[in-house]
Amino acid sequence: MKSIVTLIFVFLMAATSVVAQSNSYQQLKNKFKDQPDVYSFSFSGWMGRIVLNLAGEYEFKNAIKDIKYMRLITIPQSEFSVQNVSVNGFKKLLKQDSFEELAFIHDQGEEVSIYLREGNNHKNHYFVLIEEEREVVAIELKGYLDPESHNPTNTTLAEKK
């Protein structure tokens with residue numbers, strides 16, 4: 001009997017962790033899910049770390065060691081018009097979903113917005129929105145990014161001065 005209760009508990013915990021995703025990402029994915037040239041991927045933090053290792057990006061290994069999952073969707077800019085929605089409208093949805101904008105970068109026609117929704121015990125949601133000329137890329141991360149750990153020399157900015 002104890003093993004059945006334990007098994008049910010494990011399934012409930014797994015289901016709860018799946019539901020703990022942001023509404024913003026889910027609404028974006030649902031809006032564009034059956035459209036041509038829209039691609040979405042979801043993978044665990046463990047798999048993301050493997051991919052970075054295979055790509056030779058070792059300096060980020062410690063920075064992302066506490067990432068639980070990553071989700072990514074690419075949407076052609078033209079689909080936003082077809083669906084009668086806008087990227088700015090989605091940014092408003094992110095703010096309604098308790099995300100705060102951390103940074104905005106405009107470089108050579110691309111705009112990158114980085115958002116954070118803080119959680120308890122390093123269970124943050126990060127959202128990166130990349131607007132390119134032809135497509136929009138949305139990336140959601142759950143877990144904790146350590147901004148000091150990506151530095152390969154392991155020195156802080158204050159130590160460099």
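See the structure shown above.
I will try to describe carefully the structure that is included in this document. Keep in mind the model is a prediction, meaning the values are calculated, not measured. (Residues numbered from 1 in each chain as written. Predicted model: local features only at pLDDT ≥ 70, side-chain atom pairs only at ≥ 80, totals over all residues. Heavy atoms only, no water.)

Another point: the side chain of Glu 140. Counting through the fold element by element, Glu 140 comes out in strand 6 (residues 135–144). Side-chain polar atoms of Glu 140 contact the side chain of Ser 22, separated by 2.4 Å. (Helix = DSSP H or I, 4+ residues; strand = E, 2+ residues; numbered from the N terminus. Polar contact = N/O pair within 3.5 Å; in protein donor to acceptor, adjacent residues only side chain to side chain.)

Next up on the list: the pattern of salt bridges. Counted by the stated rule, this structure contains 3 salt bridges. One salt bridge in this structure joins Lys 91 and Glu 131, with 3.0 Å as the shortest N-O distance. Highlighted residues: Lys 91 in helix 5 (residues 87–96) and Glu 131 in strand 5 (residues 124–131), separated in sequence by 40 residues. A relative accessible area of 12% places Glu 131 in the buried class. Here Arg 117 makes a salt bridge to Asp 97, at a shortest N to O gap of 3.0 Å. Taken together, the residues Arg 117 in strand 4 (residues 110–117) and Asp 97 in the loop between helix 5 and strand 3 (100–107) connect sequence positions 20 residues apart. You'll find Arg 117 and Asp 97 in the same group, each marked buried. (Salt bridge = Lys/Arg side-chain N within 4 Å of Asp/Glu carboxyl O. Buried < 20%, exposed > 50% of the residue type's maximum accessible area, 1.4 Å probe, protein only.)

This brings us to a nonpolar patch on the surface. A surface patch of nonpolar side chains, about 840 Å² in accessible area, is lined by Tyr 39, Phe 41, Phe 43, Trp 46, Met 47, Ile 50, Val 51 and Leu 54. At the level of elements, strand 1 (39–44) and helix 3 (45–54) are the ones that each hand at least two residues to the nonpolar patch. Along the polypeptide, Ile 50 turns up in helix 3. Taking relative accessible area as the criterion, Ile 50 reaches 31% and is therefore assigned partly exposed. (Patch = residues over 30% accessible without salt bridge, like charges linked within 9 Å, V, L, I, M, F, W, Y side chains within 5 Å. Areas by Shrake-Rupley, 256 points an atom, 1.4 Å probe, with all protein chains shown as cover.)

This part is about the environment of Val 85. Of note, Val 85 is situated in the loop between helix 4 (77–82) and helix 5. In the structure, Val 85 is positioned 54 residues away from Lys 31 in sequence and 9.4 Å away in space, judged by C-alpha atoms. Other than its neighbours up to four places away in sequence, Val 85 contacts Lys 31, Phe 32 and Phe 80. (Contact = heavy atoms within 4.5 Å.)

Taken residue by residue, a regular strand's side chains alternate between the two faces of the sheet. Of all 8 residues making up strand 5, 8 are buried, and the element is well covered by its neighbours. Burial along strand 5 is two-sided: Asn 124, Tyr 126, Val 128 and Ile 130 and His 125, Phe 127, Leu 129 and Glu 131, pointing in opposite directions, are all buried. Across 7 bridges, the pairing between strand 4 and strand 5 is antiparallel. Within the sheet, the bridge partner assigned to Leu 116 lies in strand 5 and is Tyr 126. In sequence, strand 5 turns back onto strand 6 through a hairpin of 3 residues. (Pairing = 2+ DSSP bridges.)

Turning next to the sheet that holds strand 5. Spatially, 6 strands are ordered 1-2-6-5-4-3 in an open sheet, and the strand pairing comes out antiparallel. Two strands close off the open sheet at either side, each with one partner strand: strand 1 and strand 3. Within the sheet, the average angular offset between the axes of one strand and its neighbour, ignoring direction, is 10 degrees. Direction of pairing for strand 2 (residues 66–76) relative to strand 6: antiparallel, over a ladder of 10 bridges. (Axes fitted to C-alpha atoms, helices over the stretch in contact; angles between N-to-C directions.)

For the rest of this paragraph, the subject is helix 2 (residues 23–32). For helix 2, the full list of buried residues reads Ser 24, Tyr 25, Leu 28 and Phe 32. Across the axial projection of helix 2, the buried residues extend over an arc of 95 degrees, all falling on one side. Where helix 2 is buried, its residues touch strand 1, strand 2, helix 4, helix 5, strand 5 and strand 6. (Arc of directions from axis to C-beta.)

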